[in-house]
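Observations on chain architecture
Here are the chains, one letter per residue:
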Amino acid sequence: MDYFSFCLNGLSLTAQGALHVRFVSHLTGKQLKIRYFFAYLCLLFTIAFLSERLAVNEMVSIGAGVLVLYGISRFALGNQRPASWTAAVLAFYITQLSFGVLNSAEAMLFPRLVGSPWLYAALLAAQAFFCVICAGAYAAVQKLLSLPEGVQMPYMSLLLFPGFFFLSAELYILHTSYSFVASSVLLENEGKHSALLFLQALGLAALFCTLYAYRHVCLGFQAQTAVQSLTQAAQAQKVYIAEAQARYAQTKSFRHDIRNHLSVLKGLLNNGKLEESKIYLQKLETASESLAFPCQTGNPVVDILLGEKLGLAKAKGITAEVSLVLPNPCGIDDFDLCVIFANALDNAVNACQKGEEAGFIRITGKRQGDFYMLTFENSCPAEPLPPSGTGLHNIRSAAEKYHGAVLIEKKDQNFSLNVLLNISLHPESISGQTY
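Described in the following lines is the structure provided in the data block. (Residues numbered from 1 in each chain as written. Predicted model: local features only at pLDDT ≥ 70, side-chain atom pairs only at ≥ 80, totals over all residues. Heavy atoms only, no water.)

Structural notes on the overall build of the protein
Helix and strand content of the protein: 14 helices and five strands. A separation of at least 24 residues holds for 75% of the contacts in the protein among residues at least 6 apart in sequence. Carbon together with sulfur atoms contributes 61% to the accessible area of the protein, which is approximately 23,800 Å² in total. (Helix = DSSP H or I, 4+ residues; strand = E, 2+ residues; numbered from the N terminus. Contact = heavy atoms within 4.5 Å. Areas by Shrake-Rupley, 256 points an atom, 1.4 Å probe, with all protein chains shown as cover.)

Details of the packing of aromatic side chains
When we look at a pair of aromatic rings, we describe it by the centre distance and by the angle of the planes. The final tally for this structure, using the stated rule, is seven aromatic pairs. Taking the centre distance of 5.4 Å and the plane angle of 55° together, the rings of Phe37 and Phe38 count as tilted. Here Tyr70 and Trp85 contribute two aromatic rings whose centre-to-centre distance is 4.1 Å and whose plane-to-plane angle is 20°, an arrangement assigned as stacked. Note that Tyr70 is positioned in helix H3 (residues 58-76) and Trp85 in helix H4 (residues 81-109), a separation of 15 residues in sequence. Counting every residue linked through ring pairs, the aromatic cluster contains Tyr93, Phe165 and Phe166. One cation-aromatic arrangement involves Arg74 over Phe75; the distance from NZ or CZ to the ring centre is 5.8 Å. (Phe/Tyr/Trp six-rings, centres within 6.5 Å; stacked < 30°, edge-to-face > 60°. Lys NZ or Arg CZ within 6 Å of the ring centre and 35° of its normal.)

Comments concerning empty space enclosed by the protein
Scanning all chains against the criterion turns up one cavity of 30 Å³ or more. The space that makes up the largest cavity amounts to roughly 40 Å³. Elements that contribute at least two residues to the lining of the largest cavity include exactly H3 and helix H7 (160-177). Partitioned by chemical class, the residues of the lining of the largest cavity number four nonpolar, one polar and one charged. (1 Å grid on protein atoms, 1.4 Å probe; cavity = no way out; pocket = protein on both sides within 12 Å on 5 of 7 lines; lining within 4 Å. Points joined across faces, edges and corners; volume = space filled by probe spheres on them. Nonpolar A, V, L, I, M, F, W, Y, C, P; charged D, E, K, R; others polar.)

Focus: the environment of Ser323
Positionally, Ser323 belongs in strand S1 (residues 319-323). For the pair formed by Ser323 and Lys366, sequence separation is 43 residues and the distance between their alpha carbons is 9.4 Å. Contact partners of Ser323, with chain neighbours within four places excluded, come to Ile363, Thr364 and Gly365.

Considering the pairing of strand S5 (residues 414-422)
Here S5 lies mainly inside the structure; seven of its nine residues are buried. One ladder, built from nine bridges, connects strand S3 (residues 371-379) with S5; its direction is antiparallel. Across the sheet, Thr375 pairs through a bridge with Asn418, a residue of S5. Note: strand S4 (residues 405-411) against S5, seven bridges, orientation antiparallel. Bridge pairing in S5 links Ile408 to Leu417. The loop that links S4 with its antiparallel partner S5 comprises two residues; one of these, Asp412, has a positive phi angle of about 55°. (Buried < 20%, exposed > 50% of the residue type's maximum accessible area, 1.4 Å probe, protein only. Pairing = 2+ DSSP bridges.)

Examining the nonpolar core
Here is a general trend for soluble globular proteins: nonpolar side chains tend to be buried in one another's company. Ranked by internal contacts, the top residues of the largest apolar core, which has 48 residues, are Phe23, Tyr40, Phe92, Val141, Leu145 and Leu207. Among the secondary structure elements, those contributing two or more residues to this core are helix H1 (3-28), helix H2 (34-53), H3, H4, helix H5 (118-144), H7 and helix H9 (190-270). At 12 residues, the largest contribution of residues to this core is made by H4. In contact with Tyr40, other than residues within four places in its own chain, are Gly17, His20, Val21, Gly65, Val68, Leu69, Ile72 and Phe92. Core analysis: the second largest hydrophobic core is formed by 40 residues, Cys295, Ile361, Leu374 and Ile395 among them. (Core = buried A, V, L, I, M, F, W, Y, C linked by side-chain atoms within 4.5 Å.)

Thoughts on the state of the cysteines
This structure, assessed with the given rule, holds zero disulfides. Take Cys380: it sits in no disulfide, and the sulfur closest to it among the cysteines is that of Cys352, at 8.3 Å. (Disulfide = S-S within 2.5 Å.)

Some remarks on the sheet that holds S3
Pairing is mixed across the open sheet formed by five strands, whose spatial order is S1-S2-S3-S5-S4. On the outer flanks of this sheet lie S1 and S4, each paired with one strand and no other. Sheet twist, expressed as the mean angle between neighbouring strand axes with direction ignored, is 15°. Where S1 and strand S2 (residues 360-368) come together, five bridges link them in parallel fashion. Following the sheet pairing, Val322 is matched in S2 by Ile363. Each of S1 and S2 touches helix H11 (residues 300-315); the most contacted strand, S1, lies at about 150° to it. Contacting S2, S3 and S5, helix H12 (residues 334-354) runs over the sheet at an angle of about 20° to S3. (Axes fitted to C-alpha atoms, helices over the stretch in contact; angles between N-to-C directions.)

Thoughts on the side chain of Ser277
Of note, Ser277 is situated in helix H10 (residues 274-291). Other than its neighbours up to four places away in sequence, Ser277 contacts Leu265, Leu268 and Leu269.

Re unusual backbone geometry
Outside of glycine, negative phi angles account for most residues, and trans bonds account for most peptide bonds. One non-glycine residue, Ala55, lies in the positive phi region at around 55°. One can find Ala55 in the loop between H2 and H3. Phi is positive for Asp412, which is not a glycine, with a value near 55°. As for its position among the elements, Asp412 is in the loop between S4 and S5.

Next up, the structure:
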């Protein structure tokens, strides 16, 4: 191998390494550190050196490269197995596809440059063209797979076998039709290479179609999960609203009868029947306590929901504190309030249970002009937050419905969810909005 070919191969491997680790880190949403790139580059050069010295089949060396990139993604970036395998296979498939397209073009054009000083410039231009093809294909794949980790990760394995098929087909084309650039320039069958170029372009189009279909499958699963969650939430909210109405009906009935109770009590006291008066007062006290809400927020639906959720939390050893008075009129539909409180409290209880110590939940509210800030604080494990689930998505949707926002903060073992809502909106301005 001459000096020019040696430098060209080194440049090609370096470009591949940079493109591979950048693609994997961007695809999985993980931060790329420079040491990962250098480690991967060293391993790529080691594989290339051993493959040349031991005359190893090119497919074996590429398989070793896929394993190394999988290891970087899995253990250095901390990605899940399906995501790591899929990212590694797609990265190498796009690289080999770019090589295939480049080899087809070289086989048709380079024979005319043999013996010309322009050959070296053409080889450098071909290397730049290779990088452009790879970068463009990687950007297209990342755009098609630009989904939140919690949405696509459970289904990432669906891409693994199509990815292996595309890579295997491309390796077969390269193995049977091409070798190194030095020998490819000697091929003169332009019709064959034109057909191979067209076939590889179809392979790239098939990959994009597969990724497009995969994207819509993931979004469909997400929508189905959201619909199921909202259906369950709607059924629960109906129960809360019905119970609130029943309680207020009981309260209204009690208030209607209170004059009769006071008349009976007055008569007992006038007749000097103190013991009977005490017994009657105890009965009235018991009846009034049965109508009281553990939390008084000014909204009966929220009061009942808080009573149920925080009652379950206290039964699990979680301390709860509520300092909240909702404005009246509030401007927020009871259903939307239930969505926010139910999902926030369910997440808080789950996080408290995962901690080693006894957990806590703290709920506060503060009005700032036309906006109202709800704050849910709770204890949580020290480990990183899991991907956002359907519950948090529903809270964000409810906040956006009222021109608000959601802010999440985590410091050590304390988690805070802040929900800002515009309480000045009229019902007509939001009646057509759904989530």
